[in-house]
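Close look at the chain arrangement
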Amino acid sequence: DANMTERFDCHYCKESLFGKKYILREDSPYCVNCYENLFSNTCEECKKPIGADCKDLSYKDRHWHETCFHCFQCKNSLVDKPFAAKEEHLLCTDCYSNEYSSKCNECKKTIMPGTRKMEYKGNSWHETCFICYRCQQPIGTKSFIPKDNQNFCVPCYEKQFAMQCVQCKKAITTGGVTYREQPWHKECFVCTGCKKQLSGQRFTSRDEFAYCLSCFCNLYAKKCAGCTNPISGLGGTKYISFEERQWHNDCFNCKKCSLSLVGRGFLTERDDILCPECGKDI
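These figures come from a predicted structure and were not determined experimentally. (Residues numbered from 1 in each chain as written. Predicted model: local features only at pLDDT ≥ 70, side-chain atom pairs only at ≥ 80, totals over all residues. Heavy atoms only, no water.)

Within the secondary structure layout, Ser124 lies in strand E8 (residues 123-126). Once residues within four sequence positions are removed from consideration, Ser124 is found in contact with Ser102, Lys103, Cys104, Asn105, Ile111, Lys117, Met118 and Glu119. (Helix = DSSP H or I, 4+ residues; strand = E, 2+ residues; numbered from the N terminus. Contact = heavy atoms within 4.5 Å.)

Within the structure shown, the criterion is met by zero disulfides. Here Cys34 is not cross-linked by a disulfide; its sulfur's nearest cysteine counterpart is in Cys31, at 3.5 Å. Residue classification places Cys34 among the buried positions, given a relative accessible area of 9%. Sulfur of Cys215: no disulfide; nearest cysteine sulfur belongs to Cys191 and is 3.6 Å away. For Cys215, a relative accessible area of 14% translates into the label buried. (Disulfide = S-S within 2.5 Å. Buried < 20%, exposed > 50% of the residue type's maximum accessible area, 1.4 Å probe, protein only.)

Attention now goes to the pairing of strand E1 (residues 22-25). Two strands pair when backbone bridges link them, and E1 and strand E2 (residues 28-31) are joined in this way by four bridges, in the antiparallel orientation. Considered in E2, the bridge of Tyr22 is made with Cys31. Between E1 and E2, which pair antiparallel in sequence order, lie two residues; one of them, Glu26, sits at a positive phi of approximately 50°. (Pairing = 2+ DSSP bridges.)

This next bit is on the confidence of the model for the protein. Caution applies to low-pLDDT parts of the model: their predicted coordinates are not meant to be read in detail. On average, residues of the protein score 83 in pLDDT, and 95% of them are at 70 or above. Of all the helices and strands in the protein, helix H1 (residues 2-5) carries the lowest mean pLDDT, 49, while strand E4 (residues 62-65) carries the highest, 90. (pLDDT = per-residue confidence, 0-100.)

Our next topic: the side chain of His185. Following the sequence through the fold, His185 ends up in the loop between strand E14 (182-184) and strand E15 (203-206). We classify His185 as buried; its relative accessible area is 11%. There is a polar contact of 2.8 Å between the side chain of His185 and the backbone oxygen of Ala171. Once residues lying within four places of it in the same chain are set aside, the contact partners of His185 are Cys165, Cys168, Lys170, Ala171 and Ile172. (Polar contact = N/O pair within 3.5 Å; in protein donor to acceptor, adjacent residues only side chain to side chain.)

For Arg62, the location among the structural elements is in strand E4. The buried category is assigned to Arg62, whose relative accessible area is 15%. Setting aside its immediate chain neighbours within four residues, Arg62 contacts Glu44, Leu57 and Glu88.

Take the UniProt feature "domain: LIM zinc-binding" (unreviewed entry) in the protein next. The feature "domain: LIM zinc-binding" (unreviewed entry), as annotated in UniProt, sits at residues 41-101, 102-163 and 222-282 in this numbering. Secondary structure across residues 41-101 comprises 13% helix and 26% strand; the distance between its end C-alpha atoms is 33 Å. (UniProt positions renumbered as here; feature names shortened; annotations may be inferred.)

Once that is clear, we can look at the packing of aromatic side chains. Enumeration over the complete set of coordinates arrives at 21 aromatic pairs. Taking the centre distance of 5.1 Å and the plane angle of 80° together, the rings of Tyr59 and Phe83 count as edge-to-face. With Tyr59 in strand E3 (residues 56-59) and Phe83 in strand E5 (residues 83-86), this residue pair connects regions lying 24 residues apart in the sequence. For Phe83, a relative accessible area of 26% puts it in the partly exposed group. Judged by centre distance (5.2 Å) and plane angle (85°), the rings of Phe252 and Phe266 are edge-to-face. Here the residue Phe252 occupies a position in the loop between strand E20 (245-248) and strand E21 (267-269), and Phe266 occupies one in the loop between E20 and E21, the gap between them amounting to 14 residues. Residue class for Phe252 comes out buried when judged on its relative accessible area of 2%. Taking relative accessible area as the criterion, Phe266 reaches 26% and is therefore assigned partly exposed. Counting every residue linked through ring pairs, the aromatic cluster contains Tyr59, Trp64, Phe69 and Phe83. Positioned above the aromatic ring of Phe39 is the side chain of Arg25, whose terminal nitrogen or guanidinium carbon lies 4.0 Å from the ring centre. Positioned above the aromatic ring of Phe72 is the side chain of Lys75, whose terminal nitrogen or guanidinium carbon lies 5.1 Å from the ring centre. (Phe/Tyr/Trp six-rings, centres within 6.5 Å; stacked < 30°, edge-to-face > 60°. Lys NZ or Arg CZ within 6 Å of the ring centre and 35° of its normal.)

Right, here's the structure in full:
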């Protein structure tokens, strides 16, 4: 038979492979020696070639003998087991957790690699352990407010700590107003008369009720006998008082010649005031 006489040689060194162990690679036969020299990977652990008769275990372009594939720390085999890589070293999950995982601030147990966790100011929690101190519900991705080393969801924080508005009894979470040592929402602190917001405005009070200047003057201020507008007396407004009547300084003028009578002598004729010159003829 022609085939029986055909040579069967190593593809690389051309030595005859009759009666020898060989390895096929891409349809070409190689003697064991050539195959290992040409194609063997070097083991990361023992730095020796991984021979053709050995199992080659690989991870991220790195290779190990099966017997060399073990935890860097405890040396237990990692074959068919979960592992983690840290700074070129492979570690079993237990060693990795002890070495690198954070502890949960709540239950004090290890937060395993790959587990969802919450982090805040250098502390870590299992996602299910990061709960509101008041309602004990997981906070998850919702907003929270830390206070005295405890974390609160916003509704619970408001119920427990926020000041309550005297007017509407609801929590004041931002920028309230203090009046008579009591807290109010800006929008609740309004004039008793016209209901306009008083925050940032000048106002006054009467019988514990707050009023804007306009309402207060209309309700309580003395009226000027000259122009009939209120005399507020606020902000140092000067006025003149005479026998139950009041005048703005600018309104205290002679009825006939309009001369200002502030600081001068004057005469009265019924409801009018007159300068001495105009009053001569009375």
